[in-house]
Amino acid sequence: MERSSRFKGFHKLSMEARLERVVQWAKLDSVERDILAKHFGFTLETADRMIENALGIFPFGLGIAPNFRINGRDYLIPMCIEEPSVIAAASNAARYLRFEQGIRSKAQPPRMIGQIQLFGISNPDRFKRQILLQKQELLQVANNLPSRLIQLGGGAKDIEVRDFSHASPPFLVLHILVDTKDAMGANAVNSICENLAPYLEQKFQIKAGLKILSNLCTHRLVRASGKIPLHWLHENPRKAEKIAHAVELASRFAEEDPYRAVTHNKGIMNGIDALLIALGQDWRAVEAAAHAHASQKGKYTALATWRLQKNKGFLEGNIEIPLPVGTVGGITGVHPTVKVNQKILNVSSAQELAQIAAAVGLAQNLAAIFALSTEGIQRGHMQLHSRNIAASIGAQGPEIDKVAQLMVAQGTIHLQGAQEILSHLRKKQNGTHLRQRS
Ligand code: MEV
C-alpha cells in the first residue's frame with residue numbers, strides 16, 4: 001500500500017519524535033539519521049572544498065512539510081528556511097490539496113538554452129541558412145565532449161539563430177538547446193557553448209563573444225493545478241463559497257497589479273526556495289527564471305492563479321513556472337544532508353523534482369492568500385515568530401517557550417512585551433530562590 005504523508009499533529013511532536021517518524025517513513029539508516037540529528041557529515045573540509053576563502057559553516061533549520069500528495073503519490077517535503085510560518089503554512093495548505101490524486105503537476109522535458117554571441121557576420125540571412133543546413137554537423141561538434149550527460153543521451157539537440165543586427169555593434173546569437181536529463185545543466189551547457197564557439201569562429205571566420213547558458217528557461221516550464229472541494233473549506237456552503245471567492249479576489253489582485261504580484265510570487269518562492277535549498281539546488285537560477293517568466297507577457301503578473309468554480313463545487317488553483325533543477329550534479333552528490341533529503345523526498349528525476357517544487361509553490365501561495373483574505377497574516381506569523389523574539393531578548397532554555405506563550409496569550413508579541421514578561425518571570429524566579437534559601 002502507498003505510504004501516506006498525512007501526518008496528523010506532526011508539529012506537536014517533540015523534535016526527536018518527529019525525526020523518528022521521518023526516519024521510519026523514509027527508511028533512513030543510522031548514518032543518515034545522525035546526519036540529520038547531529039549534523040554529521042558537513043565538515044569544515046567540505047566547506048573548504050565547496051567554496052573559496054571558507055572560514056566556517058553557517059547552519060539553518062531543516063524542517064519537514066508533511067501532507068503533500070502530488071500526481072497520486074505522497075511526499076514529505078524537506079524545507080530549509082529562516083522564516084517562521086513557511087513550513088507550517090505549506091503543510092497546512094497541502095492538507096487541502098489532497099483531493100483525488102492531489103496536486104497534478106507536469107514538467108516539460110528538461111531543455112536548457114546555451115547562448116553564443118557572434119560578431120562580424122556581414123549577411124545574417126545567409127548565415128542563418130548556413131547554420132540550418134549544417135545543423136547536424138554543428139550539433140556533433142558541440143557534443144564532442146567527455147561528458148556523462150552526453151553519454152546518457154543528453155546534450156545539444158537543436159540550434160536556433162537570433163538576430164540582433166539592429167544593435168550597435170550588430171551581432172547574432174546562436175541558441176543551443178540542450179537536453180540536460182537529470183542535471184540542472186549549467187555546467188554541461190556552458191561546456192557545450194565553449195566547445196562549439198572556436199569551431200564556429202574558424203568555420204565562418206567570425207568572432208565569438210559570450211558563451212553561457214541563459215537563465216530564461218522558456219523550455220523548462222512546469223504546470224501544476226490543485227482542486228479543493230468547497231465543503232473542505234467550510235461545512236456551511238455559503239461560508240465555503242465566501243472563502244473561495246475571497247481567495248479568487250486575492251488572486252485577481254495579483255494578476256492585475258504588479259505591486260501585489262511581486263509579493264504574491266515572493267510567497268510562492270518561500271516554499272520553492274526552502275525545498276530547493278534543502279535539495280542543494282541553485283535557487284538563484286530558479287528565482288531569476290521565475291520572475292522573468294512572470295513578466296514574459298510584457299507585464300509582471302501572478303505565477304499562480306485561483307478561481308472559484310462554483311458550478312463544479314471547487315476552488316481551483318494553477319501555477320506555471322520554469323524550474324531548472326537537477327537530481328544529479330552540482331552539490332547533490334557531495335552535500336551529506338542533501339543526499340538524505342533526496343532520500344526523504346524519494347525523488348527519481350529532475351522532472352519529478354520540478355513537479356514537486358511547482359506543487360509546493362502552489363500550496364504555499366494558497367496558504368498565504370487564504371490567510372490574507374480571511375484573518376490576515378500577522379496573527380499566525382507573529383505567534384510562530386514569538387519564540388525568535390523571546391530568544392532575541394536573551395530568554396534562555398525553558399524561558400523561551402514561557403515568554404512566547406505569555407506574549408501570545410497577552411497579545412503583546414513584540415520586543416517590549418517580551419522584555420517585560422522576561423523580567424517579570426525572572427523576578428518571580430529570584431523571589432522563589434530567595435524564599436527557598438531563607
Ligand atoms: C511573506 O514572506 C509572504 C507573503 O507576503 C506572501 C503573500 O503576500 O502572498 C505572505
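Treat the numbers as computed from the prediction; the structure is a model and nothing was measured. (Residues numbered from 1 in each chain as written. Predicted model: local features only at pLDDT ≥ 70, side-chain atom pairs only at ≥ 80, totals over all residues. Heavy atoms only, no water.)

1. Looking at the overall build of the chain
The following threshold applies: By definition, any uninterrupted DSSP run of H or I lasting at least four residues is a helix, any uninterrupted run of E lasting at least two residues is a strand, and each is numbered from the N terminus. Think of it in three bands: residues with accessible area under 20% of the maximum for their type are buried, residues over 50% are exposed, and the middle band is partly exposed, with areas taken using a 1.4 Å probe on protein chains only. Here, two residues are considered to be in contact whenever any of their heavy atoms come within 4.5 Å of each other.
Along its length, the chain carries 17 helices and 10 strands. Projected onto its principal axes, the C-alpha positions of the chain cover 95 × 60 × 50 Å. The buried share of the chain, reckoned over its 438 residues, is 47%. Contacts spanning at least 24 positions in sequence make up 72% of the contacts within the chain whose residues lie at least 6 apart.

2. As for helix 4 (residues 86-96)
Among all positions of helix 4, only Val 86, Ala 90, Ser 91, Ala 93 and Ala 94 are buried. Summarising the contacts, the buried residues of helix 4 are in contact with strand 1 (62-70), strand 2 (73-80), helix 11 (258-278) and helix 14 (350-373).

3. Thoughts on the site of the ligand
Definition in use: If a single non-hydrogen atom of a residue is within 4 Å of a molecule or strand, that residue counts as near it. Contacts described as polar in this section are N or O atom pairs within 3.5 Å, which, within protein, must combine one atom able to donate a hydrogen with one able to accept it, while residues neighboring in sequence count only if both atoms come from side chains. Every accessible area reported is derived by Shrake-Rupley at a probe size of 1.4 Å, with residue values counting cover from the shown protein chains alone.
Taken together, the neighbourhood of the ligand is formed by 10 residues, with Glu 83, Arg 260, Lys 266, Asn 270 and Leu 372 sitting nearest. Take Arg 260: an N or O atom from its side chain is 2.7 Å from an oxygen atom of the ligand. Here Asn 270 contributes a side-chain N or O atom positioned 2.9 Å from an oxygen atom of the ligand. Here the ligand, which alone exposes 300 Å², has 83% of that area covered by the protein. Elements supplying a minimum of two residues to the shell around the ligand: helix 11 and helix 14.

4. Some points on the domain arrangement of the chain
Just so we agree on the cut-off: Domain segmentation is taken from an automatic or database assignment of domains. Buried area: the accessible area, evaluated with a 1.4 Å probe, that two parts lose upon being put together, summed over both parts. For this classification, Asp, Glu, Lys and Arg are treated as charged, while Ala, Val, Leu, Ile, Met, Phe, Trp, Tyr, Cys and Pro are nonpolar and the rest, including Gly, are polar.
Each domain of the chain was delimited in the assignment, giving domain 1 (10-106 + 222-374), domain 2 (111-214) and domain 3 (380-437). Each of domain 1 and domain 2 was reduced to a C-alpha centroid, and the two centroids are 34 Å apart. Listed as interface residues are 10 residues of domain 1 and, on the opposing side, 5 residues of domain 2. Taken over both partners, the interface formed by domain 1 and domain 2 buries close to 500 Å², and the fraction arising from carbon and sulfur atoms is 62%. In this assembly, domain 1 and domain 2 are joined by 3 residue pairs in polar contact (both at pLDDT 80 or more). Residues that form the side of domain 1 that touches domain 2 fall into these classes: 5 nonpolar, 4 polar and 1 charged.

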